[in-house]
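Architecture and fold: a report
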Amino acid sequence: MTPFHVPWNERGFMGGYDSPGELVAEGTTRLEANGATEISIDTADVAQNRDHQFTIKVKVRDASGRTIEGSGTVLAAQQQLYAFTELDRGWYRPGGQAEVNINTRTASRIPVETDGKLTLFRITSVDGNPQKEIDQQVVDTWKIKTGNDGHLAFKFQLPSEGQYRVVFEARDTAQQLVTSAANIWVYGPKLDGRQHR
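All values reported here derive from a predicted model rather than from experimental measurement. Each chain carries its own residue numbering, running from 1 in the direction its sequence is written. Confidence filtering applies because this is a predicted model: local features only for residues at pLDDT of at least 70, side-chain atom pairs given and counted only at 80 or more, and all residues used for totals across whole chains, interfaces and linings. For the side-chain quantities, the full set of heavy atoms in the structure was used; hydrogens and water were omitted.

Side note on the overall build of the chain
What counts, and what does not: Secondary structure elements are taken from DSSP: a helix is a run of H or I of four residues or more, a strand is a run of E of two residues or more, and numbering for both begins at the N terminus. Each residue gets one of three labels from its accessible area relative to the maximum for its type: buried under 20%, exposed over 50%, partly exposed in between, using a 1.4 Å probe on protein chains only. Only heavy atoms matter for contacts: two residues are in contact if any of them lie within 4.5 Å across the pair. Surface exposure here means Shrake-Rupley accessible area, sampled with a 1.4 Å probe, where a residue is shielded only by the protein chains that are shown.
Each helix and strand in the chain was counted, giving zero helices and 12 strands. Each helix (α) and strand (β) of the chain, taken in turn from the N terminus, gives the series β-β-β-β-β-β-β-β-β-β-β-β. Evaluated residue by residue, the chain yields a buried proportion of 32% over its 197 residues. In the chain, once contacts between residues fewer than 6 apart in sequence are set aside, the share between residues at least 24 apart is 62%. Here the chain displays about 12300 Å² of accessible surface, and carbon together with sulfur accounts for 46% of that area.

What follows is the structure, given as structure tokens:
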């Protein structure tokens, strides 16, 4: 018989924190003639708002009484694909060129080529009051694709002064929507920062 136990720990994607973990299952099983076996891990009871990493540890004892230990990990992720957007600077001039860097990764942090859509929105306050809801108006939209290294540096022109948002959208193989966004400020003499959040 082969004893095993399965602890899990909460894990934030791309550099989140790791908790010490807790034991979710343990037991014994018998290896098949080919030296393999299957165990099931029920992920229904773990929190659904973050990724979880399960560590499986086993001890195998052969007929001679010799014990061999091993371990491995498996990830239970909220989604198959993650996207990250980052601008090349914080402020731009009217009519200037901006560059947004988009990176797409699997839940296992492996770069993946991904088709998607990039949309530039102009953000304005309803009735000119920044305390009220905001309105997003589409300025431009582009069909884009990250490379096989999961990266794309995309350049585009910015219009007049104001606050903007660039949003990347894609779908994984399960058609689950994946989004990532970055806010943009275009600074010039016509900018009234009191009108923006």
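Some details on the pattern of salt bridges
Put simply, the rule is: By salt bridge we mean one thing: a side-chain nitrogen of Lys or Arg within 4 Å of a carboxyl oxygen of Asp or Glu.
The full count for this structure, using the stated rule, is six salt bridges. The salt bridge involving lysine 59 is made with glutamate 69; its shortest N-O contact spans 4.0 Å. Placement of the pair is lysine 59 in strand S3 (residues 51-61) and glutamate 69 in strand S4 (residues 67-76), with a sequence separation of 10 residues. Between lysine 155 and glutamate 99 there is a salt bridge, and its shortest N-O distance comes to 3.8 Å. Of this pair, lysine 155 sits in strand S10 (residues 151-157) while glutamate 99 sits in strand S7 (residues 97-106); the two residues are 56 residues apart in sequence, bridging distant segments of the chain.

Focus on the sheet that holds S7
To keep it simple, the criterion reads: Paired strands, in this sense, are two strands between which DSSP finds at least two bridges. Here an angle of 0 to 180 degrees is reported between the N-to-C directions of two axes, which are lines fitted to C-alpha atoms, with helices fitted over the stretch in contact.
Pairing is antiparallel across the open sheet formed by three strands, whose spatial order is S5-S7-S10. For this open sheet the edge positions go to strand S5 (81-87) and S10, each flanked by a neighbour on one side alone. Across the sheet, the axes of successive neighbouring strands diverge by a mean angle of 25°, strand direction being ignored. Inspection of the sheet shows S5 paired to S7 by seven bridges, in the antiparallel sense. Each residue of the ladder has a partner; that of tyrosine 82, found in S7, is arginine 105.

Observations concerning the nonpolar core
Defined as follows: Only buried Ala, Val, Leu, Ile, Met, Phe, Trp, Tyr and Cys residues count toward a nonpolar core, and they belong to the same one when joined by side-chain atoms within 4.5 Å.
Leu118, Phe156 and Ile184 are the most contacted members of the largest nonpolar core, which totals 23 residues. When residues of this core are traced back to their parent elements, those giving at least two are S5, S7, strand S8 (115-125), strand S9 (134-145), S10, strand S11 (162-171) and strand S12 (177-186). If we skip the residues at most four places from it in the chain, leucine 118 touches Val100, Ile102, Asp140, Thr141, Trp142, Ile144, Phe154, Val166, Val167 and Phe168.

Description of the sheet that holds strand S6 (residues 91-92)
Judged by pairing direction, the sheet is mixed, and its five strands sit side by side in the order S6-S12-S11-S8-S9 without closing on themselves. Each of the sheet's edge strands pairs with one partner strand only, and the pair in question is S6 and S9. When S11 meets S12, the two strands line up antiparallel, connected through 10 bridges. The residue bridging valine 166 from the neighbouring strand is alanine 182, located in S12.

Considering the environment of alanine 76
Mapped onto the fold, alanine 76 is located in strand S4. Judged by relative accessible area, alanine 76 falls into the partly exposed class, the value being 22%. With 22 residues separating them in the primary sequence, alanine 76 and phenylalanine 54 have C-alpha atoms 7.6 Å apart. In this structure alanine 76 touches Thr43, Asp51, His52 and Phe54, once residues within four positions along its chain are discounted.

A closer look at the confidence of the model for the chain
Where the model shows low pLDDT, its predicted coordinates should not be examined in detail. To be explicit about the condition: By definition, pLDDT measures how confident the predictor is in each residue, and it falls between 0 and 100.
Scored by pLDDT, the chain comes out at a mean of 82, with 81% of its residues at no less than 70. No element of the chain has a lower mean pLDDT than strand S1 (residues 2-11), at 47, and none a higher one than S10, at 96. Scored below 50 in pLDDT, residues 8-17 shows 40 contacts in the model against residues more than four places distant or in partner chains.

Quick word on the environment of glutamine 80
Where we set the bar: Side-chain atoms alone can form a polar contact between residues adjacent in sequence; in general such a contact is a pair of N or O atoms within 3.5 Å, and within protein one must be able to donate a hydrogen while the other accepts it.
If you trace the backbone, glutamine 80 turns up in the loop between S4 and S5. Along the chain, glutamine 80 and threonine 173 lie 93 residues apart, while their C-alpha atoms are 7.9 Å from each other. Excluding residues within four positions of it along the chain, glutamine 80 makes contact with Arg105, Thr106, Ala107, Asp172, Thr173 and Ala174. In terms of polar contacts, glutamine 80 uses its side chain to reach the side chain of threonine 173, at 2.8 Å.

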